[in-house]
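Chain by chain, the residues run as shown.
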Amino acid sequence: MSGLEGKVAFITGAARGQGRAEGVKLASDGANVIAVDLCDQIASVPYPMATSDDLAATVKLVEDTGARIVAREADVRHRDALQSALQAGLDEFGRLDIVIANAGIAPMQAGEDGWRDAIDVNLTGVHNTVEVAIPTMVAQGDGGSIVLISSAAGLAGIGSPDAGSIGYAAAKHG
């Protein structure tokens, strides 16, 4: 039996990249997963964002480990949508032990829209993730782990004087 058997992890930005890797690793260690991703494009983001197909691939990879997964498309900028996604997982698994606020964007060179989107996703989205998870974790009364993902930009400013770059560094510091 793994150390995470019977545990449940809630991961934002889970459709690909680091969020997918976190979900697959935790699943391979015995945890069930509640996976959330926007699966849509944000106009200020200059690279292709994750899709519904990416989230479906994450579901398959987690299921291939033998773990169970509840995956939902939801925007971390909208607390009600995030709460609904988490609740679907709680209805299935009945508990929450690990929260990984991983969703993030890097709208460098994107002007004022980039500033707003970076702050909304990378800072407010993290706040929303923690806020929807805390009541369940506290009510359970047996602890858990909350992991907030940052970057080197959280230690030292990076990028350009563009508003999107500044918003990214500010959010990562936050």
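Further up the page is the structure itself.
Computed from a predicted model, the values in this text were never measured in an experiment. (Residues numbered from 1 in each chain as written. Predicted model: local features only at pLDDT ≥ 70, side-chain atom pairs only at ≥ 80, totals over all residues. Heavy atoms only, no water.)

### Some words on the overall build of the protein
- Scanning the protein for helices and strands turns up five helices and five strands.
- Ordering the α and β elements of the protein from the N terminus gives β-α-β-α-β-α-β-α-β-α.
- Taking 174 residues into account, the globule formula puts the C-alpha radius of gyration at 16 Å, and the protein, at 16 Å, falls close to it.
- Relative to its 174 residues, the protein shows a buried fraction of 46%.
- Summarising the internal contacts of the protein: among those between residues at least 6 apart in sequence, 70% fall at separations of at least 24.
- Accessible surface computed for the protein: about 8000 Å², of which carbon and sulfur atoms make up 54%.
- If you average the places of the 12 positive and of the 22 negative side-chain charges in the protein, the two averages end up 4 Å apart. (Helix = DSSP H or I, 4+ residues; strand = E, 2+ residues; numbered from the N terminus. Rg over C-alpha atoms; globule rule 2.2 N^0.38 Å. Buried < 20%, exposed > 50% of the residue type's maximum accessible area, 1.4 Å probe, protein only. Contact = heavy atoms within 4.5 Å. Areas by Shrake-Rupley, 256 points an atom, 1.4 Å probe, with all protein chains shown as cover. Lys, Arg positive; Asp, Glu negative; His and termini not counted. Charge placed at Lys NZ, Arg CZ, Asp CG, Glu CD.)

### Here's the deal with the pairing of strand β5 (residues 145-148)
- Note: strand β4 (residues 98-101) against β5, four bridges, orientation parallel. In the sheet register, Ala 101 faces β5, and the bridge partner there is Leu 148.
- At this point the chain moves from β4, through helix α4 (residues 111-140), to the parallel β5, and the crossover so formed is right-handed. (Pairing = 2+ DSSP bridges. Right-handed = clockwise from strand over helix to strand, strands pointing away.)

### Considerations on a nonpolar patch on the surface
- Taken together, the side chains of Ile 134, Val 138, Ile 146 and Leu 148 define a hydrophobic patch exposed on the protein surface, amounting to about 350 Å² of accessible area.
- Elements with a contribution of two residues or more to the nonpolar patch: α4 and β5.
- For Ile 134, the position within the fold is in helix α4.
- Ile 134 gets classed as partly exposed once you look at its relative accessible area, which sits at 34%. (Patch = residues over 30% accessible without salt bridge, like charges linked within 9 Å, V, L, I, M, F, W, Y side chains within 5 Å. Salt bridge = Lys/Arg side-chain N within 4 Å of Asp/Glu carboxyl O.)

### Focus: helix α3 (residues 79-93)
- A rise of 1.5 Å per residue sets the reference length of α3, with its 15 residues, at 21 Å; its end C-alpha atoms lie 21 Å apart and thus fit the reference within 8%.
- Looking only at α3, the buried set comprises Leu 82, Ala 85, Leu 86, Ala 88, Gly 89, Leu 90 and Phe 93.
- Where α3 terminates, the next one or two residues include Gly 94, which has phi positive at roughly 80°. (Expected span 1.5 Å × (residues − 1).)

### Some details on the sheet that holds strand β1 (residues 8-12)
- With parallel pairing, the five strands of this open sheet are ordered in space as β3-β2-β1-β4-β5. With partners counted over all chains shown, the strands left at the sheet margins are β3 (69-73) and β5, one partner each. Sheet twist, expressed as the mean angle between neighbouring strand axes with direction ignored, is 10°.
- The pairing of β1 with β4 spans three bridges and is parallel. Within β4, the residue paired with Phe 10 across the bridge is Val 99.
- Relative to β3, helix α2 (residues 52-64) is tilted by about 170°, and along the sheet it contacts β2 (32-37) and β3.
- Along the sheet face, α3 touches β1, β2 and β3 and points at about 160° away from the line of β2. (Axes fitted to C-alpha atoms, helices over the stretch in contact; angles between N-to-C directions.)

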